[in-house]
Amino acid sequence: MTATTTTIKDAIINRRSIRKLKKNENITKERMNEVLKTALHAPTSFNMQSGRVVVVMDNEHEKFWDIVKETLRSRVPEENFAATIERLQGFRDGVGTILFFENQETIEKMQEKAPSYKEQFPYWSHQGNAMLQYAIWMTLSAEGIGASLQHYNPIIDEAVKKTWDIPGEWSLIAQMPFGEPNEQPGEKTFLSFDDVVKFY
Ligand SMILES: Cc1cc2nc3c(=O)[nH]c(=O)nc-3n(C[C@H](O)[C@H](O)[C@H](O)COP(=O)(O)O)c2cc1C
């Protein structure tokens, strides 16, 4: 897999959920650092930069998906657990997982600084995190790296915090397993453009 040059239009159109991944030694920490440095140009409300990212790779990544599996074991009906394991295996077979957090301390400080927007900051925090997630996902996709967006929080939060010494004020928002794509994305349908977009 080599780095590719992609137009912004192609990067947006080609980004898809890839839920079956495989290892690839060319997806390195150095390369992920470049992806993250690029994506951190994503905007945030008042430039508050409340997003935090933890990347687990290789053994730590496998440990993460083992934690998810063990957490789900007691919660998923036994007859569905085989399908759950298979789904999780598609992620675990990848190279790493990006854990997205929001620093609640930043949000509280912003609420004190701009009290008239107090109620809005939790929404803006999630919106900013989503923009970061999307910027990373698109940048990965432009590099030929497969990824998807997962939400096993909040049931895994405690174990994640303990395992990787995550500060108490960081709340887990989403997980993005990545690796070499090991599936073609499925068909995707779209609402009619005219039902979605209005010009006047
Ligand atoms: C806010 C948000 C939450 C999502 N949560 C999950 C999730 O928990 N698990 C999952 O497999 N996909 C999740 N997805 C992926 C969507 O199912 C997927 O993006 C959508 O079906 C369109 O497919 P595409 O990503 O291939 O374009 C999420 C996407 C968004 C934007």
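Residues numbered from 1 in each chain as written. Predicted model: local features only at pLDDT ≥ 70, side-chain atom pairs only at ≥ 80, totals over all residues.

Focus on the overall build of the protein chain
Move 1: A count of helical and extended segments in the protein chain gives 8 helices and 5 strands.
Move 2: Ordered by position in the sequence, the α and β elements of the protein chain form the string α-β-α-β-α-α-β-α-α-β-α-β-α.
Move 3: On C-alpha atoms alone, the protein chain measures out to a radius of gyration of 18 Å, which is about the 16 Å that the 2.2 N^0.38 rule sets for 200 residues.
Move 4: Within the span of the protein chain, comprising 200 residues, buried residues form 28% of the whole. (Helix = DSSP H or I, 4+ residues; strand = E, 2+ residues; numbered from the N terminus. Rg over C-alpha atoms; globule rule 2.2 N^0.38 Å. Buried ≥ 20, exposed ≤ 12 C-beta atoms within 10 Å, placed from the backbone.)

What about the site of the ligand?
Move 1: For the ligand, the full set of nearby residues is Arg-16, Ser-17, Arg-19, Ser-148, Leu-149, Gln-150, His-151, Pro-185 and Lys-188.
Move 2: The residue inventory of the shell around the ligand, partitioned by class, reads 2 nonpolar, 4 polar and 3 charged. (Near = placed C-beta within 6 Å. Nonpolar A, V, L, I, M, F, W, Y, C, P; charged D, E, K, R; others polar.)

Concerning the pairing of strand β3 (residues 96–103)
Move 1: Among the 8 residues that make up β3, 7 are buried, leaving the element largely enclosed by the rest of the structure.
Move 2: When β3 meets strand β5 (residues 170–181), the two strands line up antiparallel, connected through 8 bridges. Bridging across to β5, Gly-96 finds its partner in Phe-178. (Pairing = 2+ DSSP bridges.)

Focus: the packing of helix α2 (residues 29–39) against helix α6 (residues 121–142)
Move 1: Relative orientation of the contacting elements α2 and α6 amounts to 135 degrees, with a least axis distance of 9 Å. By the angle class used here, α2 and α6 are oblique. Seen along the crossing, α2 lies across α6 with a hand that is right-handed. Judged by residue contacts, Val-35, Leu-36, Thr-38 and Ala-39 of α2 engage Leu-132, Ala-135, Ile-136, Thr-139 and Leu-140 from α6.
Move 2: Split into classes, the residues belonging to the contact of α2 with α6 amount to 7 nonpolar, 2 polar and no charged. (Axes fitted to C-alpha atoms, helices over the stretch in contact; angles between N-to-C directions. Parallel < 35°, antiparallel > 145°, perpendicular 65-115°, else oblique. Left-handed = near helix turned anticlockwise from the far one by under 90°. Contact = placed C-beta atoms within 7 Å.)

Notes on helix α3 (residues 59–73)
Move 1: Helix length check: α3 (15 residues) gives 21 Å between terminal C-alpha atoms against 21 Å at 1.5 Å per residue, within 8%.
Move 2: His-61, Phe-64, Trp-65 and Val-68 are the residues of α3 that are buried. Along α3, the residues classed as buried sweep out an arc of 90 degrees about the axis, all on the same side. Every exposed residue of α3 that faces more than 90 degrees away from the buried side is listed here: Asn-59, Asp-66, Glu-70 and Arg-73.
Move 3: At its buried positions, α3 is contacted by β2 (51–57), α4 (78–92) and β3. (Expected span 1.5 Å × (residues − 1). Arc of directions from axis to C-beta.)

Digging into the confidence of the model for the protein chain
Move 1: Scored by pLDDT, the protein chain has a mean of 96; 98% of the residues are at 70 or more.
Move 2: Summarising per-element confidence for the protein chain, the mean pLDDT is lowest in helix α1 (residues 8–14) (92) and highest in β3 (99). (pLDDT = per-residue confidence, 0-100.)

Looking at the environment of Gly-168
Move 1: With respect to the helices, strands and loops of the structure, Gly-168 is situated in the loop between α7 (157–164) and β5.
Move 2: Using a count of 8 C-beta atoms within 10 Å as the deciding quantity, one classes Gly-168 as exposed.
Move 3: The spacing of Gly-168 and Glu-105 is 63 residues in sequence and 9.7 Å in space, taken between C-alpha atoms.

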